[in-house]
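# Analysis of the macromolecular model
Letter by letter, the chains look like this.
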Amino acid sequence: MSDETNGVSSPEQYAIGISFGSSYSSIAHISQEGRVEVIANEEGDRQIPSILSYVDGEEYHGTQAKAQIVRNSKNTIAYFKDYIGKPYSQIDPTPCKQSAHPSESDGQVVFTVQESAEGESTTLSVSEVTTRHIRKLASSAADYIGKKITSAVVTVPTNFSSEQRTALSKAAKAAGIEILQFIHEPVAAVLAYDSKDPESVQDRLIVVADLGGTSIVATTHDYELGGAQLDEVLIDHFAKEFEKKHKTDPKKNERSLAKLKLEAEAVKKALSQSASATCSIESLANGIDFRSTINRTRFQLLSVKVFQRFTRMIEEVIKKADLDVLQIDEVILSGGTSHVPKIAENVQALFPDTTKVLAPATSTAALNPSELSARGAAIQASMIQGFDKEDIEQSTHEMVTVTPHTSAMIGAQITGQPTDAATIIIPSMTAVPARKSKTIDAPEGDVLLLISEGESEIKVTKPEPKAKTNGTKKASDDDDEDDISDDDEDDDEEDELREKVYKTKKILAEFQFKGLKKGAKLEVTVNIGSDLGVQITAREAKGKGGIRGTLAAPKPTENGSA
């Protein structure tokens, strides 16, 4: 693009996707072949620690900076992302215990580090730290792609405030990066999967659990739950083992604790891939080296309470949405902690077999959960980078994006069949306009086809109580027979049966078909307009014509009217 008036060429805009996390960041773009690529930085890391460190006048980022937490903790800045756009009075400084501590300056969050090899310390605002981090991410992407990075789509948690968005936009702009759009991390995860096979995209209910380093995010939040809690389990385990042998608690020394924390994270990652892992730390405390091995089973036993909190959070999300686990079609586990096999296994056990849990331990079709946010952001960036900022803001405004949806599902059923066995044509919460068709098996002879509005409900069937046996038992040499028999009866007791069924609320249309042949099929098409008017067509499959019905759009309700 060129500016003909000034005769000056405008730089070509190239946008990437950035996942800016509290623990790790990722960058991605769409290659010339149209594939999503998660970019490795100069150290070869695709999961780049969100850490900066200053050593002898040099600024280090990522893995090199993370290594300085042990040797140079006062000049190493970590866990700063959650402080963006917040006054000092609203932050929790706890995560920065082993790194540079946040302090207050005019009510704002700042870090004090020694940038130069000699001289006085420098006070850096959290905004400046963020600017430097984003600048480095963009530089790594530019070196890989061979193009100057000018803009990005950035993922944020679902509870990221408008003040935080504004502050992050300003910090990115100072780094020479224009943020085209913020998208929520769960949305980015869904986008990453939907783009994998666009032809197979269909309506479904999805739960996204973002299991990051310091939080689990879906539609509820717990910033005291995340991968860091699993690290703490390992830290406590190894610290107790060391203290038992050497009568010294390494957790009481900041340097020793920092070493334990780094190694515990590495052990946790190793246990996600292998049945056992070794913790090896040189000079952990009092000059004593430490080496220990832990297997996955032991780790799972130690972490059982943390695992239970993960599944309870997912259950809470589903209840908050007024849904049941039987209604969920798919669960996407996103974030680095999703690599832990036991978490995915527990989530799978929470849902029926029909629910697909997308995580490495439960599905071969799963993408790398650590990369989902960056992938989704890159896909979105590739779609909107050609538009002006103003056009993007207008097209993503709530007045545009909040479209009408169906409140109830629309189903078809044939008289004589169970009332809860309808074929769903239009699911509830479908954005309109919408047009969908279904083919239904029909019995031979005359058939009445009912089209109705309905809702999904959970049908509970309790097992019939078992009849008690009368009479006396035969004598047995086994003194524990009575106890064993009682235990067996408890084990054989069946749980109640819960199944998802269709409940009719309102009949919309009836269609009569006469003299259908054996093996006949009926094709039903429902077309809902943007005004919520409904057109229904029913015909014998592969037949011509058919029967049509129209339901007028509901009258609009004036503001303030019931």
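In the block above lies the structure referred to throughout.
In this report, we go over the structure that sits alongside the text. Note that the structure is a prediction, hence the values are computed from the model and not measured. Residue positions within a chain follow its written sequence, with the count starting from 1. Reporting of local features is limited, given that this is a predicted model, to residues whose pLDDT is at least 70; pairs of side-chain atoms are given and counted only at 80 or more, and all residues count toward the totals for whole chains, interfaces and linings. Processing note: side-chain calculations cover all non-hydrogen atoms of the structure and skip hydrogens and water entirely.

### A look at the overall build of the chain
To keep things clear, this is the line we draw: Starting at the N terminus, helices and strands are each numbered in turn, a helix being any DSSP run of H or I of at least four residues and a strand any DSSP run of E of at least two. Relative accessible area decides the class of each residue, using a 1.4 Å probe on protein chains only: under 20% of the type maximum gives buried, over 50% gives exposed, and in between gives partly exposed. The contact rule is simple, with two residues in contact once any of their heavy atoms fall within 4.5 Å. A 1.4 Å probe and the Shrake-Rupley method give the accessible areas. Residues count as covered only by the protein chains that appear here.
Along the backbone of the chain there are 14 helices and 29 strands. Counting all 562 residues of the chain, 42% fall into the buried class. Long-range contacts, defined as pairs at least 24 residues apart, comprise 65% of the intrachain contacts of the chain with a sequence gap of at least 6. Roughly 31000 Å² of accessible area belongs to the chain as shown, and the carbon and sulfur atoms make up 46% of that amount.

### Description of the packing of helix H6 (residues 227-246) against helix H9 (residues 304-320)
For clarity, the threshold we go by: For helices, the fitted axis covers only the stretch in contact; all axes are lines through C-alpha atoms, and the angles between them, taken along N-to-C directions, range from 0 to 180 degrees. Here roughly perpendicular refers to angles of 65 to 115 degrees, roughly parallel to angles under 35, roughly antiparallel to angles over 145, and oblique to all remaining angles. Asp, Glu, Lys and Arg are counted as charged, while Ala, Val, Leu, Ile, Met, Phe, Trp, Tyr, Cys and Pro are counted as nonpolar; the rest, among them Gly, fall into the polar class.
Running from N to C, H6 and H9 point in directions that differ by 170 degrees, and their axes come no closer than 10 Å. Looking at the two axes, H6 sits roughly antiparallel to H9. Packed against H6, whose contacting residues are Gln229, Leu230 and Val233, the element H9 presents Val306, Phe307 and Phe310 at the interface. Of the residues belonging to the contact of H6 with H9, the class tally is 5 nonpolar, 1 polar and no charged.

### Quick notes on the pairing of strand E15 (residues 206-211)
What counts is decided by this rule: Here, strands pair whenever DSSP counts at least two bridges between them.
E15 sits mainly inside the fold: 5 of its 6 residues count as buried. Inspection of the sheet shows E15 paired to strand E20 (residues 330-334) by 5 bridges, in the parallel sense. Looking across to E20, one finds that Ala209 is bridged to Leu333.

### What about the environment of Ile426?
Topologically, Ile426 is positioned in strand E23 (residues 423-426). Residue Ile426 is classed as buried on the basis of its relative accessible area of 0%. When the C-alpha atoms of Ile426 and Ser437 are compared, they prove to be 8.7 Å apart, with 11 residues separating the residues in sequence. Excluding its chain neighbours within four sequence positions, the residues that come into contact with Ile426 are Thr406, Met409, Ile410, Lys436, Val526 and Ile528.

### Observations regarding the sheet that holds strand E27 (residues 521-528)
Reading across the sheet, the 4 strands line up as E24-E27-E28-E29 and stay open at both edges, with antiparallel pairing between neighbours. Of all the strands in the sheet, the pair left with one neighbour each is strand E24 (434-441) and strand E29 (547-551). Across this sheet, the average inter-strand angle for adjacent strands is 15 degrees, counted without regard to direction. Where E24 and E27 come together, 8 bridges link them in antiparallel fashion. Considered in E27, the bridge of Ser437 is made with Thr525.

### Looking at H9
To keep things clear, this is the line we draw: Expected helix span is given by 1.5 Å per residue-to-residue step, counting one fewer step than there are residues. Arc definition: directions from the helix axis to the C-beta atoms.
Taking 1.5 Å as the rise per residue, H9 with 17 residues should run 24 Å; its terminal C-alpha atoms sit 24 Å apart, in good agreement. Those residues of H9 lying buried are Val306, Phe307, Phe310, Thr311, Met313, Ile314, Val317 and Ile318. Down the axis of H9, the buried side of the element spans an arc of 145 degrees, and every buried residue falls inside it. More than 90 degrees from the buried face of H9, the exposed residues found are Lys305, Lys319 and Lys320.

### So, the environment of Val153
Relative to the elements of secondary structure, Val153 occurs in strand E13 (residues 151-156). As a C-alpha pair, Val153 and Ala374 span 221 residues in sequence and 9.1 Å in three-dimensional space. The contact partners of Val153, leaving out residues within four places of it in the chain, are Ile16, Gly17, Ile18, Leu180, Gln181, Ile183, Ala377, Gln380, Ala381 and Ile384.

By themselves, these are just geometric observations and shouldn't be taken as functional.
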